[in-house]
Amino acid sequence: MMHKNSGFSLIELAITVFIIALILGSLLVPLQSQIRSRKLDETDRILNQAREALLGYVSANGYFPCPASGASNGQEASPNHGTGTCNASVTFATALVGFLPSVTLQLNPVDGSGYLLDAWGLPQSRIRYAVANATVNGITNPFTRTNGMRNAAMANIQGATTLLFVCRTGTGVTATGCAAATDELSDNAIAVIWSLGENAPTGGGAPHEDKNLNNTRVFVQAPYSTTAGSIFDDQLTWIGPPMLFNRLIAAGQLP
């Protein structure tokens, strides 16, 4: 007597595998989104911690630390706070750009070379830092110089037009400012701290992320986007005059 085969045919197995793949795929996409969201939140926390550490340093010393260079192992790069000069990775007329001096600020955890990383934790994920070094009221390098901000005076710092810019879009940005006043999140930031995000170090290119690698005094904080042509996952925070003055007055460093 012939018995009917009770096993699965190849077609049935293929259909089963396809259905399982669809189910797993539907589970993995939300999981990846949740992981990304957690890393974005954690990077925000790291940047806020870095900002508070900088404000604490300024409150104690009356000046900002110099940026770290790629060879200073998380320390300020050859600072001379008597003159306010720094041996940053990039030094030019209106800004000093480099890495956050994590060891100087006593932040942790850091990588094996002493640099604070964002939540992505990659070797290229070092937290970056820029501080304005424009002349204000005849005082050169006032923000990294002993008594520099006191001598420049609060009113002159508040009204300075050559500090750091933060723009809400990179479209139309130049090396000296945002495309329009309506694009300005800040036109007189004194320090900017930022992460290059998940896609570091190459970034998404123009028109937004490339501005944060141009080593100018203009930075971009655009909406998060994975759309080709407008990719942006950098995260920024900054210190402007009102926040800074509040801390310095409370610490007795100003007026």
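**Q** Provide a residue-level description of the overall build of the chain, including the pertinent values.
**A** In terms of helices and strands, the chain carries five helices and eight strands. For the chain, the N- to C-terminal ordering of α and β elements is α-β-β-α-β-α-α-β-β-β-β-β-α. Relative to its 255 residues, the chain shows a buried fraction of 45%. At a minimum sequence separation of 6, the contacts of the chain that also span at least 24 residues come to 67%.

**Q** Lay out the pattern of salt bridges with the relevant residues and their values.
**A** Counting across every chain of the model gives five salt bridges. When the shortest N-O distance is used, the salt bridge between Glu42 and Arg45 registers 2.7 Å. Of this pair, Glu42 and Arg45 both sit in helix α1 (residues 10–61), three residues apart, roughly one helical turn. Look at Arg45 and you get partly exposed, because its relative accessible area is 42%. For the salt bridge of Asp210 with Lys211, the shortest nitrogen-to-oxygen distance reads 3.1 Å. According to the relative accessible area criterion, Asp210 is partly exposed, its value standing at 23%.

**Q** Describe a nonpolar patch on the surface, naming the residues involved and giving the relevant values.
**A** On the surface, a nonpolar cluster with roughly 420 Å² of combined accessible area is contributed by Ile11, Ile15, Phe18 and Ile19. Turning to its location among the elements, Phe18 is positioned in helix α1.

Calculation notes
- Residues numbered from 1 in each chain as written.
- Predicted model: local features only at pLDDT ≥ 70, side-chain atom pairs only at ≥ 80, totals over all residues.
- Heavy atoms only, no water.
- Helix = DSSP H or I, 4+ residues; strand = E, 2+ residues; numbered from the N terminus.
- Buried < 20%, exposed > 50% of the residue type's maximum accessible area, 1.4 Å probe, protein only.
- Contact = heavy atoms within 4.5 Å.
- Salt bridge = Lys/Arg side-chain N within 4 Å of Asp/Glu carboxyl O.
- Patch = residues over 30% accessible without salt bridge, like charges linked within 9 Å, V, L, I, M, F, W, Y side chains within 5 Å.
- Areas by Shrake-Rupley, 256 points an atom, 1.4 Å probe, with all protein chains shown as cover.

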